[in-house]
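# Coordinate inspection notes
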Amino acid sequence: MVLRRVGFIGLGIMGKPMALNLLKAGYPLTVWNRTRSKMDDLITMGAYGASSPKEVAEKSDVVITMVTDSPDVEDVLLGPNGVIHGGKPGLIVIDMSTISPLVTRRISGELAKRGIKMLDAPVSGGERGAREATLSIMVGGPGDAFEECLPIFECLGKKITYMGPTGMGQTAKLCNQVICALNIQAVCEGLMLGAMAGLDVKRLLEAVSAGAASSWMLLNLGPKMVERDFKPGFKIRHQQKDLRLALELAAELKIPLPGTALVQQMLRIVEAEGLGEEGTQAAIAAMEKMAGRKITG
Ligand code: NAP
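Residues numbered from 1 in each chain as written. Predicted model: local features only at pLDDT ≥ 70, side-chain atom pairs only at ≥ 80, totals over all residues. Heavy atoms only, no water.

## Brief notes about the side chain of Q239
For Q239, the position within the fold is in helix α11 (residues 236-253). Of the polar contacts made by the side chain of Q239, one reaches the side chain of Q177; its length is 3.4 Å. Dropping the residues within four chain positions of it, Q239 is found in contact with Q177, A181, I184, F234, L267 and T280. (Helix = DSSP H or I, 4+ residues; strand = E, 2+ residues; numbered from the N terminus. Polar contact = N/O pair within 3.5 Å; in protein donor to acceptor, adjacent residues only side chain to side chain. Contact = heavy atoms within 4.5 Å.)

Now the structure itself:
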C-alpha cells in the first residue's frame, strides 16, 4: 500500500513526538515550524523541512496542524502563506490543536470553498501519550475523511472516537478539559489538607493513588507537585485557553460551570505568580499562596 504524503505544522511539546511517530510508521513527511530550529531533529531523521505552511500543503495529501489557539490555526491555514494557498482540491486538513468549535466551523467552511476537507481532531493524553502514541483522539468532520485518515490516527493514538460533524471533536475536548481542570484542583486540595494536618504527603499520595481517589492527574501530576517539578507537559497558559473556550461554550448554551470558573480563577493566581509557562501541576502554587504554606519543605 502506498502511504499518503503527510504534512505536519507545529512541532511543539505535542507536535514533535507526534510527527516523529508518523515518520517511524513510514509516512513521507513534510514539516514546518515557525521557529525553524525545532524542525532540525525531524529533518535529520528524514522529514523534508518546508519554508511555509503553503509549501507543506503543496507537498502533502493530508496536512496536520498542532499549534496553540484559534487565531494560530487560522493563521497557518488561511493566512497569507497558509495551507489554503498551496492545497489542491482533495487535500484533507486535520487540526489536532485545541481551539474553538465555532472558529473550527468557520475555517472548515473557508477550506471547503477550495475543495479542501477538514477534520477537527484534538487529543488527550499529554506529552507522554504523544510520545508513546497512546493518545485519545476525538474527531469531528466529514465521515468519509475520517475513514480515510484512520490509519494516520492509529499511528498517533490508541483510542480514536468519531464524535460527529465539524466542531464536535473540539466540543468533546472542551468537556475533557473541564473534567481535567477540576481533577487537578481536587489533587491540590487533598494534598494541601494532608500537609496542613501533618501528614507525610509522599505517603499520602501512595495510599490514595491505590484507592478510589486515583486518577491520571493524581498519578502523573501529584508526584510532580510534591517534588516541585513544574516543567511543562501541558502549560498553565494553555489550560487557561481551554477553560476560556469551555466557559464561552457554556455561556452560549446558557449553562453554569461553577467549578470550571473557580479553577480558572485559581489559575489566574498561578499566572500572577509568574508561572503561566509552567506545567499544570504548578496549580498547587495557588493553594499554597492561599494557605500561606507549601505542601513540602
Ligand atoms: P507548545 O509546546 O507551546 O507548541 C505550540 C506550537 O505551536 C509551537 O510549534 C509553536 O511554534 C506553534 N505556534 C503557535 N502559534 C503559532 C502561530 N501563530 N503560527 C505558527 N506556529 C504557531 O504547545 P503544545 O503543548 O505542543 O500544545 C499544542 C496544542 O495541543 C495546543 O492547542 C494544546 O492545547 C494542545 N494539547 C496539548 C497537550 C499537552 O499536554 N501539552 C495535550 C493535549 C492537547 P514556535 O515553536 O515557533 O513557538
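Don't stop here, the text continues.
## Notes on the packing of aromatic side chains
Summed over all chains, the structure comprises two aromatic pairs. Chaining the aromatic ring pairs together yields one cluster made of F146, F153 and Y162. (Phe/Tyr/Trp six-rings, centres within 6.5 Å; stacked < 30°, edge-to-face > 60°.)

## Some remarks on the packing of helix α9 (residues 201-209) against helix α10 (residues 216-227)
One way to put it is that α9 packs onto α10 with a least axis distance of 10 Å and a crossing angle of 175°. It follows from the interaxial angle that α9 and α10 lie roughly antiparallel. Touching V201, K202, L205, V208 and S209 of α9 are L218, L219, G222, P223 and V226, all from α10. (Axes fitted to C-alpha atoms, helices over the stretch in contact; angles between N-to-C directions. Parallel < 35°, antiparallel > 145°, perpendicular 65-115°, else oblique.)

## Some words on the site of the ligand
In the neighbourhood of the ligand, 27 residues make up the surrounding shell, with N33, T35, K38, G233 and K235 lying closest. Take M14: an N or O atom from its main chain is 2.9 Å from an oxygen atom of the ligand. N33 places a polar side-chain atom, nitrogen or oxygen, 2.6 Å from an oxygen atom of the ligand. For the ligand, the accessible surface in isolation is 900 Å², of which the surrounding protein chains cover 92%. Secondary structure elements with two or more residues in the shell around the ligand: α4 (70-78), α6 (126-132) and α11. Counting residues per element, the shell around the ligand draws most heavily on α4, at three residues. Each of domain 1 (6-165) and domain 2 (172-291) accounts for three or more of the residues forming the shell around the ligand. (Near = heavy atom within 4 Å. Areas by Shrake-Rupley, 256 points an atom, 1.4 Å probe, with all protein chains shown as cover. Domains from an automatic or database assignment.)

## What about the pairing of strand β4 (residues 62-65)?
Here β4 shows no split at all, with V62 and I64 on one side and V63 and T65 on the other all buried. Where strand β1 (residues 6-9) meets β4, four bridges bridge the pair, whose relative direction is parallel. Bridge pairing in β4 links I9 to T65. With four bridges joining them, β4 and strand β5 (residues 92-95) adopt parallel strand pairing. Residue pairing in the sheet places V62 in a bridge with I92 of β5. Handedness of the β4-α4-β5 crossover: right-handed. (Buried < 20%, exposed > 50% of the residue type's maximum accessible area, 1.4 Å probe, protein only. Pairing = 2+ DSSP bridges. Right-handed = clockwise from strand over helix to strand, strands pointing away.)

## Quick notes on the domain arrangement of the protein chain
When the parts of a complex come together, some accessible area is lost, and that lost area is often used as the size of the interface. Structurally, the protein chain comprises domain 1 (6-165) and domain 2 (172-291). Each of domain 1 and domain 2 has a C-alpha centre, and these two points are 28 Å apart. Summed over the three residues of domain 1 that lose the most area to domain 2, namely I13, T68 and T98, the buried surface amounts to 35% of that side. Inspection of the region where domain 1 meets domain 2 yields one salt bridge. Here D69 and R244 are joined by a salt bridge, their closest N and O atoms 2.6 Å apart. Put simply, domain 1 and domain 2 have five residue pairs in polar contact (both at pLDDT 80 or more) between them. (Buried area = accessible area lost by both parts, 1.4 Å probe. Salt bridge = Lys/Arg side-chain N within 4 Å of Asp/Glu carboxyl O.)

## Concerning the environment of E277
For E277, the position within the fold is in the loop between α12 (258-272) and α13 (284-291). According to the relative accessible area criterion, E277 is partly exposed, its value standing at 44%. For E277, the contacting residues outside a window of four places in its chain are P232, K235 and R237.

## Quick notes on unusual backbone geometry
Positive phi, normally seen in glycine, also occurs at A133, with a value near 55°. Residue R228 is not a glycine yet carries a positive backbone phi of 55°. With a relative accessible area of 29%, R228 lands in the partly exposed category.

## Digging into the pattern of salt bridges
Under the definition given, this model contains 16 salt bridges. Where R128 meets E132, a salt bridge forms, and the shortest distance between an N and an O atom there is 3.3 Å. Highlighted residues: R128 and E132, both in helix α6, separated by four residues, approximately one helical turn. Among the charged side chains, a network of salt bridges with common partners joins D69, R244 and E248.

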